[in-house]
Amino acid sequence: MSDDTLRDWLGEPARQPSDPLRAAREASRPALPKRFYAEAGVVEAEDGHRLVLDGRPARTPGRRMVAVPQAALAQALAQEWGAQGEVIDPSRMPLTRLVNTALDGVSAQREAVAADIAAYAGSDLLAYRAGDPERLVASQSAAWDPVLDWARQALGARFTLSEGVMHVAQPEESLAAVQRAVAAVESPLALTGLHVLTTMTGSVLLALAVLHRHLTAEAAWEAAHVDETFQASVWGRDEEAEARRAARKAEFDAAARLVALTA
């Protein structure tokens, strides 16, 4: 299997569960590449712990060596590659995708990525509350208030709440505190994971709470989906929506794992 073919697949974003029309469109996609190696492993090298396939160094889509400082992360990557069957399915390799992104992109654009993460503080999910019904208001308060309390105590960031979707300006000192907390994340790998956690929840505060081990990944995910959980309790669950959410959850969990292994 050629390197070009592998780069085409491993460079693409993970595909979401498809509806019938999308399934018909994807039926015309090229087949997944066949597995071309017998074993995936890890070797120590001058640039860290390298992923190797049949003893040969693996490379990112940008042709960089897949080498990371943490032995545990390298082993996790090898497990993803080793778990592939007869074909290589990129959708089942979320850590590999994230590490490729960190090595090929984030490492060279660290300041821009950090700025993008910190910008979420200006419209963080946790600051925008429902006015009713009472049960939803209570659920948001129970899930979000403890995180805001933590942000005030641990980061020195106090947030102003708003009812509905009307924008509310946050104190400049709070925005600066979040910027400092994000800027303190030096590892491009951890920063990549933090970016995914932030964008998938709409909350840099939830992402930082996971980073600092104030929240588990599961608790942060549930907190980010309080509104969806409430709507499902009222209207019932939608199977397609649940499938899409499960696919997103897998990506979220991979990002949380990356942060845990590298921060």
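Our subject is the structure listed above.
Residues numbered from 1 in each chain as written. Predicted model: local features only at pLDDT ≥ 70, side-chain atom pairs only at ≥ 80, totals over all residues. Heavy atoms only, no water.

> Just checking my understanding: could you explain the overall build of the protein chain for this structure?
When helices and strands are counted, the protein chain shows 12 helices and six strands. Out of the 263 residues belonging to the protein chain, those deemed buried represent 43%. Here the contacts in the protein chain between residues at least 6 apart in sequence split such that 64% fall between residues at least 24 apart. As displayed, the protein chain has an accessible area near 13,500 Å², and 52% of this comes from carbon and sulfur atoms. (Helix = DSSP H or I, 4+ residues; strand = E, 2+ residues; numbered from the N terminus. Buried < 20%, exposed > 50% of the residue type's maximum accessible area, 1.4 Å probe, protein only. Contact = heavy atoms within 4.5 Å. Areas by Shrake-Rupley, 256 points an atom, 1.4 Å probe, with all protein chains shown as cover.)

> Where do I start with the packing of aromatic side chains in this structure?
In this description, a pair of aromatic rings is defined by centroid distance and the angle of the planes. Applying the stated rule across the entire model yields three aromatic pairs. Judged by centre distance (5.1 Å) and plane angle (80°), the rings of Phe-36 and Tyr-37 are edge-to-face. Using a relative accessible area of 30% as the deciding quantity, one classes Phe-36 as partly exposed. A centroid spacing of 5.1 Å and a plane angle of 55° characterise the contact between Trp-221 and Phe-252, whose relative ring orientation is tilted. (Phe/Tyr/Trp six-rings, centres within 6.5 Å; stacked < 30°, edge-to-face > 60°.)

> Is there a simple way to think about helix α12 (residues 239–262) in this case?
At 3.6 residues per turn, the α-helix brings residues three or four places apart onto the same side. Spanning 24 residues, α12 covers 35 Å between terminal C-alpha atoms, matching the ideal 34 Å at 1.5 Å per step. Looking only at α12, the buried set comprises Arg-245, Lys-249, Phe-252, Ala-254, Ala-255, Ala-256, Leu-258, Val-259 and Thr-262. Buried residues belonging to α12 abut α3 (71–82), α4 (94–104), α8 (188–201), α9 (204–211), α10 (217–224) and α11 (226–235). For α12, the N-terminal capping position is held by Asp-238, with its side-chain oxygen 3.1 Å away from the main-chain nitrogen of Glu-240. (Expected span 1.5 Å × (residues − 1). Polar contact = N/O pair within 3.5 Å; in protein donor to acceptor, adjacent residues only side chain to side chain.)

> Would you take a moment to explain the nonpolar core for this structure?
One recurring pattern in soluble globular proteins: nonpolar side chains tend to sit buried together. Counting residues in each nonpolar core, the largest one holds 71 residues, and the members touching the most others are Val-99, Val-178, Val-182, Leu-191, Leu-194, Leu-205 and Leu-208. In contact with Leu-191, not counting residues within four places along its chain, are Val-106, Arg-110, Val-113, Ala-114, Ile-117, Val-182 and Val-185. (Core = buried A, V, L, I, M, F, W, Y, C linked by side-chain atoms within 4.5 Å.)

> Explanation requested: α8 in the structure shown.
Here α8 contains 14 residues, and its C-alpha end-to-end distance of 20 Å stays within 8% of the 20 Å for a straight helix at 1.5 Å per residue. The positive-phi residue at the C-terminal boundary of α8 is Gly-202, with phi of around 75°.

> Before we go on, may I ask you to explain the pairing of strand β2 (residues 48–53) in this structure?
Regular strands place side chains that alternate from one sheet face to the opposite one. Of all six residues in β2, six are buried; the element is thus mostly enclosed. Where strand β1 (residues 40–45) and β2 come together, six bridges link them in antiparallel fashion. Across the sheet, residue Glu-44 finds its bridge partner in β2, namely His-49. Hairpin geometry of β1 and β2 is characterised by an intervening segment of two residues between the two adjacent antiparallel strands. By the bridge criterion, two bridges tie β2 to strand β4 (residues 67–68) in an arrangement that is antiparallel. Among the inter-strand pairings, Arg-50 is bridged to a residue of β4, identified as Ala-67. Of the strand pairs in this sheet, β2 and strand β3 (residues 56–57) are connected by two bridges, and their pairing is antiparallel. Its bridge partner being in β3, Val-52 is matched across the sheet by Pro-57. Joining the antiparallel neighbours β2 and β3 is a turn of two residues, in which Asp-54 adopts a positive phi near 55°. (Pairing = 2+ DSSP bridges.)

> I would appreciate a short explanation of the packing of helix α7 (residues 172–183) against α9 in the present structure.
Relative orientation and spacing of two packed helices are given, respectively, by the angle between their axes and the distance between those axes. Two elements in contact, α7 and α9, have axes whose closest approach is 11 Å; the angle formed by their N-to-C orientations is 40°. When the axes of α7 and α9 are compared, the pair comes out oblique. The handedness of the crossing between α7 and α9 comes out as left-handed. Each of Val-178, Ala-181 and Val-182 in α7 lies in contact with α9, whose residues at this interface are Val-204, Leu-205 and Leu-208. Residues of the contact of α7 with α9, tallied by class, amount to six nonpolar, no polar and no charged. (Axes fitted to C-alpha atoms, helices over the stretch in contact; angles between N-to-C directions. Parallel < 35°, antiparallel > 145°, perpendicular 65-115°, else oblique. Left-handed = near helix turned anticlockwise from the far one by under 90°. Nonpolar A, V, L, I, M, F, W, Y, C, P; charged D, E, K, R; others polar.)

> Would you mind going over the pattern of salt bridges with me for this structure?
Side chains that differ in sign of charge can pair as their charged atoms come close. Under the counting rule described, the total for this entry stands at 10 salt bridges. Ionic pairing is found between Arg-50 and Asp-47, a salt bridge with its closest N-O pair at 2.9 Å. With a relative accessible area of 14%, Arg-50 lands in the buried category. Between Asp-145 and Arg-129 there is a salt bridge, with its nearest N and O atoms 2.8 Å apart. (Salt bridge = Lys/Arg side-chain N within 4 Å of Asp/Glu carboxyl O.)

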